[in-house]
Amino acid sequence: MAEQTQRDKPWLFRTYAGHSTAAKSNELYRTNLARGQTGLSVAFDLPTQTGYDSDHVLARGEVGKVGVPIGHLGDMRALFDQIPLEQMNTSMTINATAPWLLALYVAVAEEQRADIAALQGTVQNDIIKEYLSRGTYICPPKPSLRMITDVAAWTAEHLPKWNPMNVCSYHLQEAGATPEQELAYALATAIAVLDDLKGKVAPEAFPAMVGRISFFVNAGIRFVTELCKMRAFTELWDEICRERYGIEDARYRRFRYGVQVNSLGLTEPQPENNVYRILLEMLAVTLSKNARARAVQLPAWNEALGLPRPWDQQWSLRMQQILAYETDLLEFDDLFDGNPAVEAKVAALKVGAKDELATLDAMGGAIAAIDYMKSRLVEANAERLARVESGETVVVGVNRWQQGEPSPLTAGDGGIMTVDPAVEADQVARLNEWRGARDPAAVAAALDRLREDAEAGRNIMPASVAAAKAGATTGEWAAQMRRVYGEYRGPTGVSAAPSNRTEGLEPIREAVDAASARLGRRLKFVVGKPGLDGHSNGAEQIAARARDCGMDITYEGIRLTPEQIVARAMEDEAHVVGLSILSGSHLPLVEEVMERMRAAGLAHVPVLVGGIIPEDDAARLRAQGVARVYTPKDFELNRIMMDIVALVQPREAAA
């Protein structure tokens, strides 16, 4: 380790941001840039991510909640008003609709008279992890892979500085992946993309395209292991590029990645402790020069409570700036080269990842192994949660040292930002105004061309850009993709058969058996995810634990309407209904479920709700008739199981 004569340039400072409307998000972006942020990271709302216009039935309650709604060129124009795209490095966290959002971005850049070839940034464009963990997919895996490589091939010709795909292992870790699984599944995804891309670009252009593939990773609290994971990533990627693809130029084999540190590990109890967690997790991806992130975005301390305010995001940005500019970190070569403990851990992680990669290869690669990977993630997450429940994994303020002083940070306004419910009506009104002002014939012709190109196997990007300029909407673009390729329902990872993790569940299983005997049939628990929220980890773990406790469960996965959930509850004669919503859309969606339950004669069936739900909202849900509300602090799944048993006891038994 040697001190350098010149400081390294710091990584890009990003803040993952976007909410309410394009105009409000634009104001936030310009404020953050003025505060020293050096790159934009755009969060889109769930209707935009899943290809629905803001007035679609599934968009109800979701508009502007977890990101900005972008329905057409006018919205994208407003999002980047007074922001010169030619000078920006813009990351867009978008997957199923990535070709469309990139088309809108290019159309706005052309309006700004930017040099399109000079545009820099990234579209995430990783659909495989959507099937495994995030849930914003639209079409089946094979055509989705084709759309990814369409984007990559088009950028090779038109946007040579753009990263057309950002392999995202971030959500894999949040879904329970071990470090070895995170390494293997992410690398298998990149391999699937590059194997497909080889047939779409000239051989002489392929090495540069390999060099444009980037990664987006997660860094958890075990920061030494996470640091070693990043060093393993860099070495494995170099080996794959050299041995599998014959890439000779070391520049194109470089593992280029951005990071958001782990939001899953942020706690609702004692949320001020999250500042330390975020700092330690940031060190994992910055301390080792040879495996340092190119861009870092940090969550805010209060994300387990709700939507962060601008001040909260500023606090996280300052954390990055202090590390980069006040410390001497960037004045030294790699601090860990030759460290025997680090080298041993890196070697062990590489062996585990290679074993998992060999399994995936034997199954035909990532696309063919989606069901297998999903089930493995659900199992790994169950094991992780069991360690927290048992106390084997210590989480300060949650399962140890729960007693503490009240946090002044959450006093007063509750420490979170809320999105005005009027945003949805405003967005829908502007969408209708847009539709009324455009040329219907031009839109129809552009959409016809888009569909024809997709059906013929031509690259969909030129037709997507033309449709953007003609005034087509996000929902109209996605409708053509659905029409050509069909829709897809991903695996839940929750098998019907109980697992072998029933040790310690005996008292609950006995209580379930007793309740079932009194009910005259097996206790029926319907778990549903209304709306567009694809974060299914909690619902999967509740369903799996209920199954292992002896309940008869129905869990059909993500993206259901309240109408579908109530219909299933009626058809299955549910004894309990559980709803999981993490997008902040719990109030309108639960209200509709409760109304439909009453209309269907199911008012007697208790309803449980889980999600990131502020206490004021929880009180409103209970006032609507919800029997129990669970938030991230309720990590003891066995207690929830006993609550379910208690709720279904016949009244005479309870009396």
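Residues numbered from 1 in each chain as written. Predicted model: local features only at pLDDT ≥ 70, side-chain atom pairs only at ≥ 80, totals over all residues. Heavy atoms only, no water.

Participant: Outline the sheet that holds strand S2 (residues 16-17), listing residues and values.
Facilitator: Across the sheet, which stays open at both edges, the 5 strands sit in the order S2-S3-S4-S5-S6 with parallel pairing between neighbours. The open sheet has two edge strands with one neighbour each: S2 and strand S6 (162-163). Here strand S4 (residues 89-93) runs beside strand S5 (residues 120-123); their pairing, made up of 4 bridges, is parallel. Its bridge partner lying in S5, Met92 is registered against Val123. (Pairing = 2+ DSSP bridges. Helix = DSSP H or I, 4+ residues; strand = E, 2+ residues; numbered from the N terminus.)

Participant: An account of the nonpolar core is requested, with residue identities and associated values reported.
Facilitator: With 172 residues, the main nonpolar core has Met76, Met92, Leu102, Phe215, Trp237 and Met551 as its most contacted residues. With 12 residues, helix H8 (residues 179-197) is the largest single contributor of residues to this core. Setting aside anything within four residues of it in sequence, one finds Leu102 in contact with Met92, Val123, Val151, Trp154, Thr155, Leu159, Trp162 and Met461. Judged by nonpolar contacts, the second largest core, of 24 residues, contains Leu560, Ile565, Leu587 and Val590. (Core = buried A, V, L, I, M, F, W, Y, C linked by side-chain atoms within 4.5 Å. Buried < 20%, exposed > 50% of the residue type's maximum accessible area, 1.4 Å probe, protein only. Contact = heavy atoms within 4.5 Å.)

Participant: Provide a residue-level description of the pattern of salt bridges, including the pertinent values.
Facilitator: Counted according to the given criterion, the structure contains 50 salt bridges. In this structure, the salt-bridge partner of Glu239 is Lys354, at a minimum N-O distance of 3.1 Å. On the criterion of sequence distance, the pair formed by Glu239 in helix H10 (residues 223-243) and Lys354 in helix H13 (residues 340-362) is long-range, its members being 115 residues apart. Given a relative accessible area of 17%, Glu239 falls into the buried group. The shortest N-O distance in the salt bridge between Glu592 and Arg596 comes to 3.0 Å. Here Glu592 pairs with Arg596, and both are found in helix H22 (residues 586-599), just 4 residues apart, close to one helical turn. For Glu592, a relative accessible area of 16% translates into the label buried. Three or more residues are tied together by salt bridges with common partners; here these are Lys524, Asp552, Glu556, Arg568, Glu571 and Asp572. (Salt bridge = Lys/Arg side-chain N within 4 Å of Asp/Glu carboxyl O.)

Participant: Give a description of the pairing of strand S9 (residues 257-261) that names residues and reports values.
Facilitator: In terms of residue burial, S9 counts as a mostly covered element, since 5 of its 5 residues are buried. Pairing of strand S8 (residues 214-219) with S9 involves 5 bridges; the strand directions are parallel. From the neighbouring strand, Asn218 faces S9, where its bridge partner is Gln260. Where the polypeptide runs from S8 across H10 and back to S9, its parallel neighbour, the crossover connection is right-handed. Where the polypeptide runs from S9 across helix H11 (residues 274-284) and back to strand S10 (residues 295-297), its parallel neighbour, the crossover connection is right-handed. (Right-handed = clockwise from strand over helix to strand, strands pointing away.)

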